[in-house]
Every structure is written in structure tokens, then in C-alpha cells.
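A look at the structure
So the chains spell out like this:
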Amino acid sequence: MEIRPATLIDITNILLMLGEMQQEMSETLDEVHWPKVSHIALDCINRGLVLAAHTDEGDFAGSVGGVLGPEWYSEQPVLSDYWFYVRKDFRASPAGFKLMKAFKALSIELNVPLRVGHTLGKDLERMDKFYGKLGFERTGTIFRKAS
């Protein structure tokens, strides 16, 4: 499994992957505005804040993409994830673990804290364990109520 910075060549795979993510989480997501998603993904790639996982055979396994900016109450920049997704066929592989380790390394390279979360989906306990194994501490919870 190779983890590398995404390039513009990866944009099609990333958008297709984000479509898979949206379909998997469709009951918890607002309607996706694909022009906005495309613009943000391209901007993140150009800023060097997107990583892509490829198998040794060249298959696109997943990606993590983020933004660099402060929390609303601070001036301290933080690397935060916009998305982190491993395609279903590759979830038994080391893709997710390697992607997040590389994202942590990117935050160290940028000399900023890293904030990640899982706000979509139903497998919250598994994701809590995943992030815990990587040394993250839980710092909150998000609640949502339909109008």
C-alpha cells in the first residue's frame, strides 16, 4: 500500500470515492453540492493537504483531505480533515491506518496540531477504537436534530 500526496490526476478517483461515501451515508448527509465539493477538493490538492492510498497493483483505495486554519476561537492553525474514507473493498487492508498515520506526519511537518473526527456513519465505536489506537483523544461529540 502506497500513501502519497494526491495530485490533480487523482481528482476523478477522489470525487468517485466521495460519491461512494455519500451513498453509504445518504441518510445522514444533506444534499451534496458537487461543484462545491470539486472546488474544495481541488483547492486542498493544490495546497498539498490531500493524501491518496494506492495498492501495489495501482488500485485507488482511499483518501484523506483537509484544511489548514484556526478554530473559531483561536489564531492557532490546525490541520483538520474534510474527509477520510477507505473504499469498501479495501477496508481489510492497511489503507486507513496508513492514511491517518501519514496525515499525522503531515501535521508534524506543518508544525500544527491535528483535529480529525467521524461525524457521519453508524460505526462510531469502531472508529473511536481506530482513532484511539493512533493516539487521538476524544474531545467532544456532535449532535444533530432534523428540523
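Look up a bit, the structure's there.
Residues numbered from 1 in each chain as written. Predicted model: local features only at pLDDT ≥ 70, side-chain atom pairs only at ≥ 80, totals over all residues. Heavy atoms only, no water.

**A short note on the side chain of threonine 55**
Along the chain, threonine 55 turns up in the loop between strand E2 (50-54) and strand E3 (60-70). Of the residues examined, threonine 55 reaches a relative accessible area of 11% and is grouped as buried. Leave out the neighbours within four places in its chain, and threonine 55 touches Met1 and Phe90. (Helix = DSSP H or I, 4+ residues; strand = E, 2+ residues; numbered from the N terminus. Buried < 20%, exposed > 50% of the residue type's maximum accessible area, 1.4 Å probe, protein only. Contact = heavy atoms within 4.5 Å.)

**Topic: the packing of aromatic side chains**
Taken as a whole, this structure holds one aromatic pair when the rule is applied. Pairing tryptophan 72 with tyrosine 73 gives two aromatic rings, centres 5.5 Å apart and planes at 90°, and the pair type is edge-to-face. Its relative accessible area of 79% is what places tryptophan 72 among the exposed residues. Under the relative-accessibility criterion, tyrosine 73 is labelled exposed at 57%. (Phe/Tyr/Trp six-rings, centres within 6.5 Å; stacked < 30°, edge-to-face > 60°.)

**As for the pairing of strand E4 (residues 77-86)**
Buried residues dominate E4, accounting for eight of its ten residues. Judged from the nine bridges that link them, E3 and E4 form a sheet pairing that is antiparallel. Pairing of glycine 62 across the sheet is with valine 86, part of E4. As consecutive antiparallel partners, E3 and E4 are separated by six residues. (Pairing = 2+ DSSP bridges.)

**Some points on the nonpolar core**
Nonpolar side chains tend to gather and get buried jointly when the protein is soluble and globular. In this structure, Val64, Leu79, Phe84, Leu99, Met100 and Phe103 are the most contacted members of the largest nonpolar core, which totals 19 residues. Those elements that place two or more of their residues in this core are E2, E3, E4 and helix H3 (95-110). Ranked by residues supplied to this core, first place goes to H3 with five residues. In this structure, Leu18, Met25, Trp83 and Tyr85 belong to the second largest nonpolar core, which totals 15 residues. (Core = buried A, V, L, I, M, F, W, Y, C linked by side-chain atoms within 4.5 Å.)

**Looking at a negative patch on the surface**
Taken together, the side chains of Glu2, Asp56, Glu57, Asp59 and Asp89 make up a negatively charged region of the molecular surface. Mapped onto the elements of the fold, aspartate 89 is located in the loop between E4 and H3. (Patch = residues over 30% accessible without salt bridge, like charges linked within 9 Å, V, L, I, M, F, W, Y side chains within 5 Å. Areas by Shrake-Rupley, 256 points an atom, 1.4 Å probe, with all protein chains shown as cover. Salt bridge = Lys/Arg side-chain N within 4 Å of Asp/Glu carboxyl O. Lys, Arg positive; Asp, Glu negative; His and termini not counted. Charge placed at Lys NZ, Arg CZ, Asp CG, Glu CD.)

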